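Analysis of the macromolecular model
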Amino acid sequence: MANMLAVLVCVFLVGHVTALTNEQVAKFQTTGDTESNTGLVGTITVTTENDKHIIECNGIPDHETDTFPNPTNPHNIKAKNHHFEIPVTPTEAAEPGCLPMGPIGVLINGIPIYNPFTKAGNNAVEGEYAKVYDICDGHPNKRGSYHYHKSPSCVIARQNEVSPLIGVALDGYAIYGPVDENGNTLTTDDLDACHGRVVNGVYQYHATETYPYILGCFKGEVLPTSGLHDTTKQCFFASVTLSDDPSDPDSNAGTKPTPTCIVFSVTSIFLIISAVFN
């Protein structure tokens, strides 16, 4: 009975806790440095209402960038009106969620993160289909939206912490750097399929130098107003073979993996506990 209660409490805590503390929310700010291509300064604001963190940012990087356009990237960096809504209290999903194209999270400097794939589902960071990134691991797309597909070295380096918070995924779970609370550098082998782990009862993602780099899938439920792009089109899981062509009807690209967890509602937990004691 004691073991059963311990499991129930653990499940409850993982699924029903605030992923970002007030102190961490306050870290969502830019350096105030002027971006060299645009002559603009990055901005980000976070307001909390109706159990949601509302993040608005202009998408201008607050660190060094390459000159854009350039021979490897013909696009300009442009100011944007990014608007993201994430749950204050994330809820673990019944099944992991796939990662569509476009923003899947936002870093503390107001720059979005994208999945690690090209539109065809190939690795966009390493290998034959890799894109070219600037000195701080980002680049603009054809719409002028600057973003990251991989671990953002400049954002991580500027924080004097062993395991720094670097952002938040659109499901509300925090994203940390590659070093854990004990000073150990993590790799993908240390993390689950979504590229995260549970620390002190709270799920968190980690950016690492190994594929899938930041997120492998969504661990939690994403709000309809999150700013996430259409998941019925190109939407991928890192655990699916990268060579799979999502346009091939016989491909398993985009197929949801078997869930590795069970999610209980608050009501269900109390009903189970009552049954145990009755």
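Model, not experiment: these values are computed from the prediction.

The subject of this paragraph is empty space enclosed by the protein. Scanning the model with the defined rule gives two cavities of 30 Å³ or more in all. The volume enclosed by the second largest cavity comes to roughly 30 Å³. The wall of the second largest cavity is formed by Asp-66, Phe-68, Asn-70, Thr-72, Asn-73, Val-132, Tyr-133 and Asp-134. Class assignment of the residues belonging to the lining of the second largest cavity gives a composition of three nonpolar, three polar and two charged.

Taken together, the side chains of Lys-119, Lys-131, Lys-142 and Arg-143 make up a positively charged region of the molecular surface. Tracing the sequence through the fold places Lys-142 in the loop between β8 (138–140) and β9 (146–148).

Mapped onto the elements of the fold, Thr-118 is located in the loop between β7 (112–113) and β8. Those residues in contact with Thr-118, other than ones at most four positions away along the chain, are Met-101, Asn-123, Ala-124, Tyr-129, Lys-131 and Phe-236.

This paragraph deals with the layout of surface pockets. There is about 620 Å³ of room inside the largest pocket. Considering only residue class, the lining of the largest pocket consists of seven nonpolar, 12 polar and six charged.

Scanning the model with the defined rule gives three disulfides in all. Paired by a disulfide, Cys-136 and Cys-154 hold their sulfur atoms 2.0 Å apart. Measuring handedness by torsion sign, the sulfur bridge of Cys-136 and Cys-154 sits at about -80° and is left-handed. Of this pair, Cys-136 sits in the loop between β7 and β8 while Cys-154 sits in helix α3 (residues 153–157), and the two are 18 residues apart along the sequence. Residue classification places Cys-136 among the buried residues on the basis of a relative accessible area of 2%. Cys-194 shares a disulfide with Cys-217; S-S distance 1.9 Å. One quick way to see it: the torsion about the S-S bond of Cys-194 and Cys-217 is about -95°, and its sign makes the bridge left-handed. Pair noted here: Cys-194 is in the loop between β11 (174–176) and β12 (196–199) and Cys-217 is in the loop between β13 (202–206) and β14 (218–220), with a separation of 23 residues, a long-range link. The pair formed by Cys-194 and Cys-217 is uniform in burial state, with each residue classed as buried. Along the chain, the cysteines that take part in disulfide bonds pair up as 1-6, 2-3, 4-5, counted in sequence order.

Rules used in this analysis
- Residues numbered from 1 in each chain as written.
- Predicted model: local features only at pLDDT ≥ 70, side-chain atom pairs only at ≥ 80, totals over all residues.
- Heavy atoms only, no water.
- 1 Å grid on protein atoms, 1.4 Å probe; cavity = no way out; pocket = protein on both sides within 12 Å on 5 of 7 lines; lining within 4 Å.
- Points joined across faces, edges and corners; volume = space filled by probe spheres on them.
- Nonpolar A, V, L, I, M, F, W, Y, C, P; charged D, E, K, R; others polar.
- Patch = residues over 30% accessible without salt bridge, like charges linked within 9 Å, V, L, I, M, F, W, Y side chains within 5 Å.
- Areas by Shrake-Rupley, 256 points an atom, 1.4 Å probe, with all protein chains shown as cover.
- Salt bridge = Lys/Arg side-chain N within 4 Å of Asp/Glu carboxyl O.
- Lys, Arg positive; Asp, Glu negative; His and termini not counted.
- Charge placed at Lys NZ, Arg CZ, Asp CG, Glu CD.
- Helix = DSSP H or I, 4+ residues; strand = E, 2+ residues; numbered from the N terminus.
- Contact = heavy atoms within 4.5 Å.
- Disulfide = S-S within 2.5 Å.
- Buried < 20%, exposed > 50% of the residue type's maximum accessible area, 1.4 Å probe, protein only.

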